Amino acid sequence: MNLTQVHHIAIIGSNYEKSKHFYVDLLGFKIIRENYRAERGDYKIDLQLNGMELELFIIPGRPPRPSYPEANGLRHLAFRVESVDATVTELNAMGIATEPVRIDDYTGKKMTFFSDPDGLPLEIHE
């Protein structure tokens with residue numbers, strides 16, 4: 001086995017405008033490619049942030065994400081930041097609610113969570 005890194009992460013969103021605005025305008029991802037797939041009736045937007053790729057599929061009519069209690073599958077995406085406190089201030093200024101900042105029991109670093117427009121938990125971690 002010669003795995004070298006994660007190539008990309010794929011997310012399904014329900015609203016093209018909301019998801020694109022959130023990931024591109026608010027979080028700062030850059031669009032690599034954007035395609036409407038007529039045969040499927042959905043959009044596929046390939047995004048990049050500092051070498052990390054995110055595939056954003058906009059597929060109307062999908063069931064909502066199960067949450068509390070959590071279901072099997074992807075639990076959350078975590079982004080490394082220089083300062084959780086500064087990032088929380090930025091997110092809140094953009095109208096994005098965050099959970100209270102806490103200390104990771106295992107790393108001793110600050111962390112907190114927020115959600116994308118479809119309720120996918122996103123974490124910021126120092």
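Numbering of residues starts from 1 in each chain and follows the order in which that chain's sequence is written. Local features are withheld for residues below a pLDDT of 70 in this predicted model, meaning they are given only at 70 or higher, and side-chain atom pairs are given and counted only at 80 or more; totals for whole chains, interfaces and linings count all residues. The basis for every side-chain value is the complete set of heavy atoms in the structure, and neither hydrogens nor water enter the calculation.

1. Details of the side chain of Ser19
Move 1: Segments assigned H or I by DSSP are reported as helices when at least four residues long, segments assigned E as strands when at least two residues long, and all are numbered from the N terminus. With respect to the element layout, Ser19 can be found in helix 1 (residues 16-26).
Move 2: The criterion used for residue contact is that any of the two residues' heavy atoms lie within 4.5 Å. Contact partners of Ser19, with chain neighbours within four places excluded, come to Gly13, Ser14, Leu56, Ile58, Pro117 and Asp118.

2. Quick notes on helix 2 (residues 84-93)
Move 1: Each residue gets one of three labels from its accessible area relative to the maximum for its type: buried under 20%, exposed over 50%, partly exposed in between, using a 1.4 Å probe on protein chains only. Where helix 2 is concerned, the buried positions are Val84, Thr87, Val88 and Leu91. Each buried residue of helix 2 sits inside an arc of 105° when the element is viewed along its axis, so together they form one side. Exposed residues pointing more than 90 degrees away from the buried face of helix 2 are listed as Thr89, Glu90 and Ala93.
Move 2: Looking at the buried residues of helix 2, the elements they touch are strand 7 (110-115) and strand 8 (121-125).
Move 3: Following helix 2 by one or two positions, Gly95 has its phi on the positive side, about 85°. As used here, the arc belongs to the directions running from the helix axis to the C-beta atoms.

3. With respect to the sheet that holds strand 4 (residues 52-58)
Move 1: Pairing between two strands is assigned when DSSP locates at least 2 bridges connecting them. The strand order across the open sheet built from 4 strands is 1-4-3-2, with neighbouring strands paired in mixed fashion. Whereas interior strands pair on both sides, the edge strands pair on one side only; in this sheet they are strand 1 (8-13) and strand 2 (30-37). Neighbouring strand axes in the sheet, compared pairwise and without regard to direction, differ in orientation by 15° on average.
Move 2: Pairing of strand 2 with strand 3 (residues 42-49), which is carried by 7 bridges, proceeds in the antiparallel orientation. Among the inter-strand pairings, Lys30 is bridged to a residue of strand 3, identified as Gln48.
Move 3: Along the sheet face, helix 1 touches strand 1, strand 2, strand 3 and strand 4 and points at about 165° away from the line of strand 4. To obtain an axis, a line is fitted to C-alpha atoms, over the contacting stretch when the element is a helix, and the angle between two such axes runs from 0 to 180 degrees between their N-to-C directions.

4. Here's the deal with the pairing of strand 4
Move 1: With 5 of 7 residues buried, strand 4 is to be regarded as a mostly interior element.
Move 2: As paired elements, strand 3 and strand 4 share 7 bridges and run antiparallel to each other. Its bridge partner being in strand 4, Tyr43 is matched across the sheet by Ile58.

5. Regarding the packing of aromatic side chains
Move 1: The pairing test for Phe, Tyr and Trp rings, Trp by its six-membered ring, is centres within 6.5 Å, and the orientation test on the planes gives stacked under 30 degrees, edge-to-face over 60, and tilted for anything in between. Here the structure, examined in full by the defined rule, presents 6 aromatic pairs.
Move 2: Taken together, a centroid distance of 4.2 Å and an interplanar angle of 35° make the contact between Tyr16 and Tyr43 tilted. Of this pair, Tyr16 sits in helix 1 while Tyr43 sits in strand 3; the two residues are 27 residues apart in sequence, bridging distant segments of the chain.
Move 3: Between the aromatic rings of Phe22 and Tyr23, the centroid separation amounts to 5.1 Å while the plane-to-plane angle is 80°, which identifies the pairing as edge-to-face.

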